[in-house]
Amino acid sequence: MIHQSQSPCIRNLEQEVSFYSSGLVFSNKVLFPSFFRTIPSTVHQAHGLAQLVLHFGWTWVGLLYSSDDYGLEGFKILNKVLQNSGVCLAFQENLPDPSPYITQKTSRILEVIRSSSANVIIAFTPGHYLHILFTEYSKYKITGRTWISTEAWSVPAYLPSVIARPFAGTIGFAIYEGEMPGFKSFLQKVSPFTFPNDPFVQLFWETAFSCQWPKDEGNGMLANSQLNTSKAFCTGTEKMEQANLQYLDDSDLRINYNVYNAVYAVATALREMKSCEPGHGPFPNYTCADLENINPWQEENENLCLRKELSVYLSSN
């Protein structure tokens, strides 16, 4: 079962394996003794960004960060690491909350960037905090800046190409991308008829084909409670290969790959424990786990190899 909330994670046997929660707090094993993840924590990325800056010999940089936990944590760690490494901050600016309109604060930040002598700018923020700033960026005639991105906006699919042009040459980190055997062919076979009782498939179908299910309480096919008269009704016979979906292009499914690894890790750990032979187990006195009462910590030491070059470990960080 996949549970998605503010901390998207997969829950099983009181075990949580997150595929998108990078917050530092989740590394606290007192508060979260059974929490693991398939994405690096904020502290790892902050240290990585600092090493990137040092690698190129940059010692005078600007830093933008968001006002959410992601940005505030990242700023705190990165600021400390940079200072300890001899890198000076020309400016440090907290980005305003996302808004479709330019604010006075955004205008001031753009003016700070334009007037600063720093040619390198680190943005530790989710992408939506940058949208309006990037939209207005070219109007300020700012050139000659190198941007460094976190994984949260390094693949800016949400930016129109015209807006993205001034940021060509941006460097940073991205979530690991890998192959998920059979995933594309599975999606192409999904339909409301093969999964008639799955509400997610119904919502997915409406998004994929920009349609809506008829409001009929009896047929179980209604996904949304309110009808939109501008949309055609879904029939269920629409062809998946005609849908304009990023999921059918498996060249950029980074978060999906994290989900895949999380599910795979838990499933493999459980399979290994099920095949454990008494006297050859990984626990004290070479014992095996009680399959009727598996403790979350018993999955911690399990690891798996998805391919020769990639291993996934369930560890504390």
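The coordinates are above.
Here's a quick rundown of the structure. (Residues numbered from 1 in each chain as written. Predicted model: local features only at pLDDT ≥ 70, side-chain atom pairs only at ≥ 80, totals over all residues. Heavy atoms only, no water.)

1. Thoughts on the sheet that holds strand β8 (residues 146–149)
1) Next: If you trace the five strands from one edge of the open sheet to the other, you get β6-β5-β7-β8-β9, paired in parallel fashion. Every interior strand has two partners, whereas the edge strands, β6 (88–94) and β9 (171–172), have only one.
2) Next: The pairing of β8 with β9 spans two bridges and is classified as parallel. Bridge assignment links Ser149 to a residue of β9, and that residue is Gly172.
3) Next: Contacts from helix α3 (residues 104–115) reach β5 (60–65), β6, β7 (120–124) and β8, with the element oriented near 165° to β6. (Pairing = 2+ DSSP bridges. Helix = DSSP H or I, 4+ residues; strand = E, 2+ residues; numbered from the N terminus. Contact = heavy atoms within 4.5 Å. Axes fitted to C-alpha atoms, helices over the stretch in contact; angles between N-to-C directions.)

2. Here's the deal with the pattern of salt bridges
1) Next: One pass over the full model with this rule turns up four salt bridges.
2) Next: The partner of Glu272 in a salt bridge is Arg271, with the nearest N and O atoms 3.6 Å apart.
3) Next: Taking relative accessible area as the criterion, Glu272 reaches 36% and is therefore assigned partly exposed. (Salt bridge = Lys/Arg side-chain N within 4 Å of Asp/Glu carboxyl O. Buried < 20%, exposed > 50% of the residue type's maximum accessible area, 1.4 Å probe, protein only.)

3. With respect to the pairing of β6
1) Next: Judged from the six bridges that link them, β5 and β6 form a sheet pairing that is parallel. Looking at β6, one finds that Leu64 is bridged to Glu93.
2) Next: One crossover worth recording links β5 to the parallel β6 by way of helix α2 (residues 69–84), and it is right-handed. (Right-handed = clockwise from strand over helix to strand, strands pointing away.)

4. Considerations on the environment of Cys276
1) Next: Inspection of the secondary structure assignment puts Cys276 in the loop between α8 (254–274) and β12 (303–307).
2) Next: Owing to a relative accessible area of 19%, Cys276 belongs among the buried residues under this scheme.
3) Next: Separated by eleven residues in sequence, Cys276 and Thr287 place their C-alpha atoms 8.6 Å apart.

5. Regarding the state of the cysteines
1) Next: As enumerated under the stated definition, the model contains two disulfides in all.
2) Next: Linked covalently through their sulfurs, Cys211 and Cys234 form a disulfide whose S-S length is 2.0 Å. Here the disulfide of Cys211 and Cys234 is right-handed, its torsion about the S-S bond being about 100°. Separated by 23 residues along the polypeptide, Cys211 in strand β10 (residues 211–212) and Cys234 in the loop between β11 (232–233) and α8 bring together distant segments of the chain. Assigned by exposure class, Cys211 and Cys234 land together as buried.
3) Next: Put simply, Cys276 and Cys288 are joined by a disulfide, and their sulfur atoms are 2.0 Å apart. Taking the sign of the S-S torsion, -75° for the link of Cys276 and Cys288, the bridge is left-handed. Residue Cys276 is located in the loop between α8 and β12, and its partner Cys288 is located in the loop between α8 and β12; the two are separated by twelve residues in the primary sequence.
4) Next: Looking at Cys288, the relative accessible area reads 24%, which means it is partly exposed.
5) Next: Taken N- to C-terminal, the disulfide-bonded cysteines of the protein chain are connected 1-2, 3-4. (Disulfide = S-S within 2.5 Å.)

6. Description of empty space enclosed by the protein
1) Next: For the structure shown, the criterion picks out one cavity of 30 Å³ or more.
2) Next: In terms of lining, the largest cavity is formed by Pro96, Asp97, Pro98, Ser99, Tyr101, Thr103, Thr106, Tyr129 and Ile132.
3) Next: Classifying every residue of the lining of the largest cavity gives five nonpolar, three polar and one charged. (1 Å grid on protein atoms, 1.4 Å probe; cavity = no way out; pocket = protein on both sides within 12 Å on 5 of 7 lines; lining within 4 Å. Points joined across faces, edges and corners; volume = space filled by probe spheres on them. Nonpolar A, V, L, I, M, F, W, Y, C, P; charged D, E, K, R; others polar.)

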